[in-house]
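Architecture and fold: a report
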Amino acid sequence: MPTPFFRQPGILQDVIAQNRSRTYGAGLDPYAYERVTRALTDLLAWPAAFVGAGHEHLADGERFEAAGATRSAGEAYRRAARWFHCAVLLPHPDREEAAYAAGQADLAAGRALALLEPDAVRIEDTAYAGRLRGVAHADRGVVVVVPGLDSSKEEFHGLADALLARGTAVFAMDGPGQGVRAATTTVEADYQHVLTGVVDALHAHLGAPVPVAVVGLSLGGYYAAQSAAHEPRIGAAAAVSGPYRLTGWDDTVPFVRETLTQRAGSEAAARAFLARVDLRPVAPRIEVPLLVVDGADDRIPGVENGAGLAAAAPHGTYHLVPGGDHLLGTVRDRWLPGTADWLTERLRGN
């Protein structure tokens with residue numbers, strides 16, 4: 001049965017508008033986004049429409065690959081991965097369909113990297129899955145990219161590419177309740193345990209300790225800061241559009257409540273998780289450089305943005321970007337290059 005979120009008056013156009021800059025930031029062609037969403041008459045049709053677009057790009061990739069056009073095939077597979085991921089930006093009414101779309105995003109991204117970056121390595125366990133890119137530069141450091149509540153490792157390619165272009169290796173991951181792990185795990189407030197396992201695995205794969213930084217986006221900003229307060233091998237952290245705290249269940253909008261309920265497994269678990277998202281106790285323990293980036297127009301009810309986190313952390317820096325919305329897809333040039341520079345410089349001890 002459709003959830004109350006899908007029944008709200010005017011919800012279709014609201015969701016289309018709210019996700020426009022986000023999908024642009026995720027790499028969707030804005031004109032293609034308009035074509036696909038313009039054809040929707042009901043929000044419940046969103047997942048199938050985006051999965052359908054993903055399959056079109058997947059078929060393009062297979063045709064290119066059969067013709068020996070490796071670059072074009074890899075690029076088409078990458079586009080497919082983005083569309084499959086964006087199919088699950090909503091609290092999905094069909095969990096099996098959501099798991100299918102996330103799985104297809106993961107597979108398509110793997111096919112893209114096999115052609116475009118054959119040195120990329122998949123590293124995973126039951127709690128997380130990710131791909132290490134730029135292995136040749138890993139001795140200079142690895143930036144772990146952590147997604148948020150309804151995002152995945154297939155979303156933040158722009159930031160990953162900017163880091164790779166600066167000679168830094170990147171490990172983009174899905175953790176508990178995220179991306180390809182959403183079907184088998186639930187969200188984890190103590191995310192530092194996940195990142196401890198990731199750092200262990202990276203060092204084991206590379207055969208030696210290397211500098212590690214973490215950048216988290218949206219709820220991933222909380223995960224990044226929480227982990228930086230507990231895991232001593234994280235040398236720098238950045239939080240982009242991350243919450244300092246969530247103020248309470250009744251304060252949040254239906255979209256957040258329903259998405260969190262799905263990702264946590266039940267309303268009771270979601271309420272318990274939400275109550276844990278509060279960085280006030282740990283912010284003073286973040287002893288490493290911390291960059292907090294917020295959009296000035298990012299106002300989500302029930303979410304206290306990152307100014308307090310930057311002020312409470314001993315080495316916090318706050319960057320408030322005029323005109324920026326949630327995830328700052330409206331002003332990418334105003335934060336993304338500088339954030340990539342900051343992370344790269346901190347990994348190198350500058």
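Okay, so let's go over this structure. (Residues numbered from 1 in each chain as written. Predicted model: local features only at pLDDT ≥ 70, side-chain atom pairs only at ≥ 80, totals over all residues. Heavy atoms only, no water.)

Considerations on the sheet that holds strand 4 (residues 169-174)
Strand order in the open sheet formed by eight strands is 1-2-4-3-5-6-8-10, and the pairing between neighbours is mixed. Strands at the two margins of the open sheet, each flanked by one partner only, are strand 1 (121-124) and strand 10 (316-321). Adjacent strand axes in the sheet meet at a mean angle of 20° when their direction is disregarded. Taken together, the six bridges between strand 5 (residues 212-217) and strand 6 (residues 234-240) define a ladder with parallel strand orientation. Within strand 6, the position partnered with valine 214 by the bridge is alanine 237. Strands in contact with helix 7 (residues 157-165) are strand 2 (129-133), strand 3 (142-146), strand 4 and strand 5; relative to strand 4, the strand with the most contacts, it is inclined by about 160°. (Pairing = 2+ DSSP bridges. Helix = DSSP H or I, 4+ residues; strand = E, 2+ residues; numbered from the N terminus. Axes fitted to C-alpha atoms, helices over the stretch in contact; angles between N-to-C directions. Contact = heavy atoms within 4.5 Å.)

Thoughts on unusual backbone geometry
Unlike most non-glycine residues, serine 218 shows phi in positive territory, near 60°. Of the residues examined, serine 218 reaches a relative accessible area of 16% and is grouped as buried. You will see that serine 241, though not glycine, has its phi angle at about 55°, which is positive. Relative to the assigned elements, serine 241 resides in the loop between strand 6 and strand 7 (245-246). (Buried < 20%, exposed > 50% of the residue type's maximum accessible area, 1.4 Å probe, protein only.)

As for helix 6 (residues 95-116)
With 22 residues, helix 6 extends 31 Å between its outermost C-alpha atoms, agreeing within 8% with the 32 Å of an ideal straight helix rising 1.5 Å per residue. Tucked into the core, helix 6 has its buried residues touching helix 4 (46-66), helix 5 (70-86), strand 1 and strand 2. If you check the start of helix 6, you find a side-chain oxygen 3.0 Å away from the backbone N of glutamate 96, and it comes from aspartate 94. (Expected span 1.5 Å × (residues − 1). Polar contact = N/O pair within 3.5 Å; in protein donor to acceptor, adjacent residues only side chain to side chain.)

A word on the pairing of strand 4
It is a general feature of regular strands that their side chains alternate between the two faces of the sheet. Buried residues dominate strand 4, accounting for six of its six residues. Neither face of strand 4 is exposed, since Ala169, Phe171 and Met173 on one face and Val170, Ala172 and Asp174 on the opposite face are all buried. In this structure, strand 3 lies alongside strand 4, joined through four bridges in parallel fashion. Of the residues in strand 4, the one forming a bridge with valine 143 is valine 170. In this fold, strand 3 hands off to helix 7, which returns the chain to strand 4; that crossover is right-handed. (Right-handed = clockwise from strand over helix to strand, strands pointing away.)

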